[in-house]
Amino acid sequence: MEQDSSKMSLSDRVSSLRKSVNQAYNAKPASHWMLLALSSAAMLVAFPASSLLSRVYFANGGTSKWIISWTAVVGWPITALILIPTYFICSSSPTPLNLKLALSYIVLGFLSAADNLMYAYAYAYLPASTAALIASSSLAFSAIFGYFIVNNKIDVSMINAIAMITTAMAIIGLDSASDKYSYVTNTQYIMGFVWDILASALHGLIFALSELVFIKLLNRRSFHVVLEQQAMVSFFGFLFTTIGVLASEGFQGMADEAKKFDGGKTAYYQVLTWSAITFQLGVLGATAVLFLSSTVLAGILNAVRVPITSIAAVILLHDPMGGFKILSLIISFWGFGSYIYGSYSVNKAPLSLPE
């Protein structure tokens, strides 16, 4: 008879977790875990690199929020180029595109374009370490929206994680005096804070809606199907963002920005190019994680990359790191750990889906 989980000691829980991990590892070939490790590394390296490059763009003379958000989607053909060979390798055919599926891609593409623009405003006014820490709230929003939209389960540990992450965000707000750049006004700093939170909320909504598309419209999660969704969403995000860039005359302003950019034209275009490449590599890594593992692991890695970005920003960009921000980072780690444990607990049971 299985021991009641409420009466299990800590050592019993650790032993149970170790046993589950060993069973999961032995159930898959070594190649599976190698690909999963590489995909996870892509998320944990490429996404932080893209975030830091966004801050480098603004810190060295870049001013267009539309241009930096455009770099997040202009690399969509990379995903499409990887998708095409998978049809031949996997002996599969493209998923039939009906009206509902097309509309879902358009809506997700529009939301992604809006999300990228909000994050661009955040990185324009906030240090990269601060913006990344605030963005960790996307994990809490993912859990909340997943509960209401996809009927994902939430236990006490996950509620605790949401509370810890919310507390960490509040603590960052107390450190605004030592965290604000001298050329950023109080209003701009506050707006950057607000845009970051709104972008994180929208990111959580996009994550839940994407999972709903898999459940309701695609009914499967093969590698090429995951790539199809990402390619189509990125394509429509690219279209919406390009319209915004054209309307704001962003392309016309690129030549002038390049001339004034610290480091010159070459540095300017390198920053934009590598920003686009690293973001797409992160997207491909996340796509592979979704296929090889689960949305839970993808969500966890998406949150873990936040402190990595913060620490890298302090080391590479010399971001200020006061006592409040360190405390916020520690509490965020606590929240991540609680979320990981809660995700493990609720996913031991079958997932119930909405009708």
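In every chain, residue numbers begin from 1 and rise along the written sequence. Selection of residues for local features in this predicted model requires a pLDDT of at least 70, selection of side-chain atom pairs for listing and counting requires 80 or more, and totals for whole chains, interfaces and linings are taken over all residues. By convention in this description, side-chain values take in all heavy atoms of the structure and omit both hydrogens and water.

Caption draft 1: Quick peek at empty space enclosed by the protein. In this analysis the probe radius is 1.4 Å and the grid spacing 1 Å, with only protein atoms considered; a cavity is a set of points the probe fits into but cannot get out of, a pocket is an open set with protein on both sides within 12 Å along at least five of seven lines, and lining residues have an atom within 4 Å of a point. Grid points are joined across faces, edges and corners, and a volume is the space filled by probe spheres set on the points. A full pass over the atoms with the stated rule returns one cavity of 30 Å³ or more. Computed from the structure, the largest cavity encloses a volume of approximately 1000 Å³. Phe-47, Asn-116, His-203, Phe-279 and Val-283 are the residues nearest the centre of the largest cavity, which is lined by 45 residues in total.

Caption draft 2: Seen up close, unusual backbone geometry. Not every positive phi belongs to a glycine, and Asn-151 is a case in point at roughly 65°. Every helix listed is a DSSP run of H or I at least four residues long, and every strand listed is a run of E at least two residues long, numbered separately from the N terminus. Within the element layout of this structure, Asn-151 appears in the loop between helix H7 (137-149) and helix H8 (156-173). Judged by its relative accessible area of 29%, Asn-151 falls in the partly exposed class. Non-glycine residue Glu-249 carries a positive phi angle of around 60°. Any residue under 20% of the maximum accessible area for its type is buried, any over 50% is exposed, and the rest in between are partly exposed; the area is computed with a 1.4 Å probe on protein chains only.

Caption draft 3: Representation of the environment of Leu-327 within the structure. With respect to the helices, strands and loops of the structure, Leu-327 is situated in helix H15 (residues 323-346). According to the relative accessible area criterion, Leu-327 is partly exposed, its value standing at 39%. Along the primary structure Leu-327 and Ile-172 are separated by 155 residues, whereas in three dimensions their C-alpha atoms are 8.7 Å apart.

Caption draft 4: Representation of the environment of Leu-83 within the structure. As for its position among the elements, Leu-83 is in helix H4 (residues 76-89). Along the sequence, Leu-83 and Gln-230 sit 147 residues apart, while their C-alpha atoms lie 9.8 Å from each other.

Caption draft 5: Structural context of a nonpolar patch on the surface. The grouping of Ile-190, Met-191, Val-194 and Leu-198 at the surface amounts to a nonpolar patch, some 320 Å² of accessible area in total. Here Met-191 lies in helix H10 (residues 186-218). Residues forming no salt bridge and having over 30% relative accessible area are the ones grouped into patches, like charges within 9 Å of each other and nonpolar side chains (Val, Leu, Ile, Met, Phe, Trp, Tyr) within 5 Å. A 1.4 Å probe and the Shrake-Rupley method give the accessible areas. Residues count as covered only by the protein chains that appear here. Definition used for salt bridges: Asp or Glu carboxyl oxygen within 4 Å of a side-chain nitrogen of Lys or Arg.

Caption draft 6: How the structure looks around the side chain of Ser-328. In this structure, Ser-328 sits in helix H15. The class of Ser-328 is buried, set by a relative accessible area of 0%. Polar contacts, as counted here, are pairs of nitrogen or oxygen atoms within 3.5 Å of one another; within protein the pair requires one atom able to donate a hydrogen and one able to accept it, and residues that are adjacent in sequence qualify only if both atoms are side-chain atoms. Here Ala-168 takes part through its backbone oxygen, which lies 2.9 Å from a polar atom of the side chain of Ser-328.

Caption draft 7: Fine view of the packing of aromatic side chains. Each Phe, Tyr or Trp ring (for Trp, its six-membered ring) is paired with any other whose centre lies within 6.5 Å, and the angle between the two planes then decides the class: stacked below 30 degrees, edge-to-face above 60, tilted in between. Counted by the stated rule, this structure contains 16 aromatic pairs. Seen in terms of ring centroids, Phe-110 and Phe-240 are 5.3 Å apart; in terms of plane orientation they differ by 80°. Their pairing is edge-to-face. Here Phe-110, found in helix H5 (residues 99-125), pairs with Phe-240, found in helix H11 (residues 223-247); they are 130 residues apart in sequence, far enough to count as distant. Ring geometry for Tyr-147 versus Phe-148: centroids 5.1 Å apart, planes at 85°, classification edge-to-face. Residue classification places Phe-148 among the exposed residues on the basis of a relative accessible area of 65%. Clustering of aromatic rings is evident, with ring pairs tying together Trp-70, Trp-76, Phe-235, Phe-236, Phe-238 and Phe-251. A ring has a charge above it when a Lys NZ or an Arg CZ is no more than 6 Å from the ring centre and no more than 35 degrees off the ring normal. A cation sits over an aromatic face here: Arg-305 above Phe-47, 4.6 Å from the ring centre.

Caption draft 8: Representation of the packing of H10 against H11. Helix axes are fitted to C-alpha atoms over the stretch in contact, other axes to C-alpha atoms as well, and angles between N-to-C directions run from 0 to 180 degrees. Relative orientation of the contacting elements H10 and H11 amounts to 125°, with a least axis distance of 12 Å. Relative to H11, the element H10 is oriented oblique. The chirality of how H10 crosses H11 is right-handed. For the pair formed by H10 and H11, the contact residues are Ser-210, Val-213, Phe-214 and Leu-218 on the first element and Val-225, Val-226 and Gln-229 on the second. In these notes the angle categories are as follows: under 35 degrees is roughly parallel, over 145 is roughly antiparallel, 65 to 115 is roughly perpendicular, and the rest is oblique. Should the near helix be turned anticlockwise from the far one by less than a right angle, the crossing is termed left-handed; should it be turned clockwise, right-handed. Every residue pair with non-hydrogen atoms within 4.5 Å of one another is taken to be in contact.

Caption draft 9: Structural context of the side chain of Thr-130. For Thr-130, the location among the structural elements is in helix H6 (residues 128-135). A relative accessible area of 0% means that Thr-130 is categorised as buried. With residues near it in sequence (within four places) discarded, Thr-130 still touches Ile-172, Asp-179, Tyr-189, Asp-196 and Lys-325.

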